[in-house]
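Descriptive structure summary
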Amino acid sequence: ASRLFGLKANEVLNKDYLTLLPVELQRVQQRMIRRALEGFDSYTEWETKRIDNSVVWLEGDFRPMQGELGEVKGVVVVLHDITKIRTEENARQASEDRLQEICENFPGAVFQAQMSPEKKFSFSFFSAGIQSLTESTADELNHALENDSVLITPTAREELLRGFQTSAENLNPCDME
């Protein structure tokens, strides 16, 4: 607990962890504890600050503690520091948001294509520019591709396949018109 909250051991020893949380978080925790006292497992995550004002993300697992006859005698609360996980997830999301913004403002279309061994295409990402080029939404285009209802000449298909293959081999963008 001293590491979780940035306090000295003697400041947390034999203290109710709730007293270490801001009032609004105490209320949430108390609801979770009441739920466990009613016999239900519950789980929550929250962001709070340590004494030095650094951010810490915690997850709490709240479980009823049962007596020999199955009656609820108390609650077991297990806290885990998940700051590293949340920090990495937030950085990944920020990176995805930046990439999305770049793609949305890029002239033309940006997409991620995948090709199966049977040479079937699937696209896991389309920028908004695809709609102005194809007059179809990304979902409509993916659906058409899945059902082989996109008309593409054999010559154009081979050229597209070669372009994708070269792009994959050289790790360079596939720039085709």
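See the structure shown above.
The notes below deal with the structure included here. Bear in mind the structure is a predicted one, so any value in this text is a computation, not a measurement. (Residues numbered from 1 in each chain as written. Predicted model: local features only at pLDDT ≥ 70, side-chain atom pairs only at ≥ 80, totals over all residues. Heavy atoms only, no water.)

1. Description of the overall build of the protein chain
Within the protein chain, the secondary structure is distributed over 7 helices and 5 strands. Taken from N to C terminus, the helices and strands of the protein chain fall in the order α-α-α-β-β-β-α-β-β-α-α-α. Taken against the 2.2 N^0.38 rule, which gives 16 Å for 177 residues, the C-alpha radius of gyration of the protein chain at 27 Å runs more than 25% over that of a compact globule. Principal-axis analysis of the C-alpha atoms places the extent of the protein chain at approximately 75 × 45 × 30 Å. When each of the 177 residues of the protein chain is scored for burial, the buried share is 25%. Taking as baseline every contact in the protein chain between residues at least 6 positions apart, the subset at least 24 positions apart corresponds to 32%. Of the roughly 12,900 Å² of accessible surface on the protein chain, 52% is carried by carbon and sulfur atoms. Seen as two clouds, the 19 positive and the 30 negative side-chain charges of the protein chain have centres 9 Å apart. (Helix = DSSP H or I, 4+ residues; strand = E, 2+ residues; numbered from the N terminus. Rg over C-alpha atoms; globule rule 2.2 N^0.38 Å. Buried < 20%, exposed > 50% of the residue type's maximum accessible area, 1.4 Å probe, protein only. Contact = heavy atoms within 4.5 Å. Areas by Shrake-Rupley, 256 points an atom, 1.4 Å probe, with all protein chains shown as cover. Lys, Arg positive; Asp, Glu negative; His and termini not counted. Charge placed at Lys NZ, Arg CZ, Asp CG, Glu CD.)

2. Looking at the pattern of salt bridges
As a working rule, side chains carrying opposite charge can pair if their charged atoms are close by. Summed over the entire model, instances satisfying the criterion amount to 6 salt bridges. Between Arg86 and Glu89 there is a salt bridge whose closest N-O contact spans 2.3 Å. Of the two residues, Arg86 and Glu89 both sit in helix α4 (residues 83-104), 3 residues apart, roughly one turn of that helix. Given a relative accessible area of 13%, Arg86 falls into the buried group. Look at Glu89 and you get partly exposed, because its relative accessible area is 33%. Ionic pairing is found between Glu96 and Arg92, a salt bridge with its closest N-O pair at 2.9 Å. Of the two residues, Glu96 and Arg92 are both situated in helix α4; the distance of 4 residues between them amounts to about one turn of the helix. Within the structure, one salt-bridge network assembled from shared partners comprises Asp41, Asp61 and Arg63. (Salt bridge = Lys/Arg side-chain N within 4 Å of Asp/Glu carboxyl O.)

3. Things to note about a nonpolar patch on the surface
On the surface, Met65, Val76 and Val78 cluster together into a nonpolar patch covering about 220 Å² of accessible area. With respect to the element layout, Val78 can be found in strand β3 (residues 72-81). Residue classification places Val78 among the partly exposed positions, given a relative accessible area of 36%. (Patch = residues over 30% accessible without salt bridge, like charges linked within 9 Å, V, L, I, M, F, W, Y side chains within 5 Å.)

4. Considerations on the nonpolar core
With 15 residues, the main nonpolar core has Phe5, Tyr17, Leu21, Leu58 and Phe62 as its most contacted residues. Counting residues per element, the ones that place at least two in this core are α1 (2-5), α3 (23-37) and β2 (55-66). Here this core gets 4 residues from one element, more than from any other, and that element is α3. In contact with Phe5, not counting residues within four places along its chain, are Leu20, Leu21, Arg50, Ile51 and Leu58. (Core = buried A, V, L, I, M, F, W, Y, C linked by side-chain atoms within 4.5 Å.)

5. Examining the side chain of Ser167
If you trace the backbone, Ser167 turns up in helix α7 (residues 154-170). Taking relative accessible area as the criterion, Ser167 reaches 17% and is therefore assigned buried. Beyond its immediate sequence surroundings of up to four residues, Ser167 is in contact with Asn172, Pro173 and Cys174.

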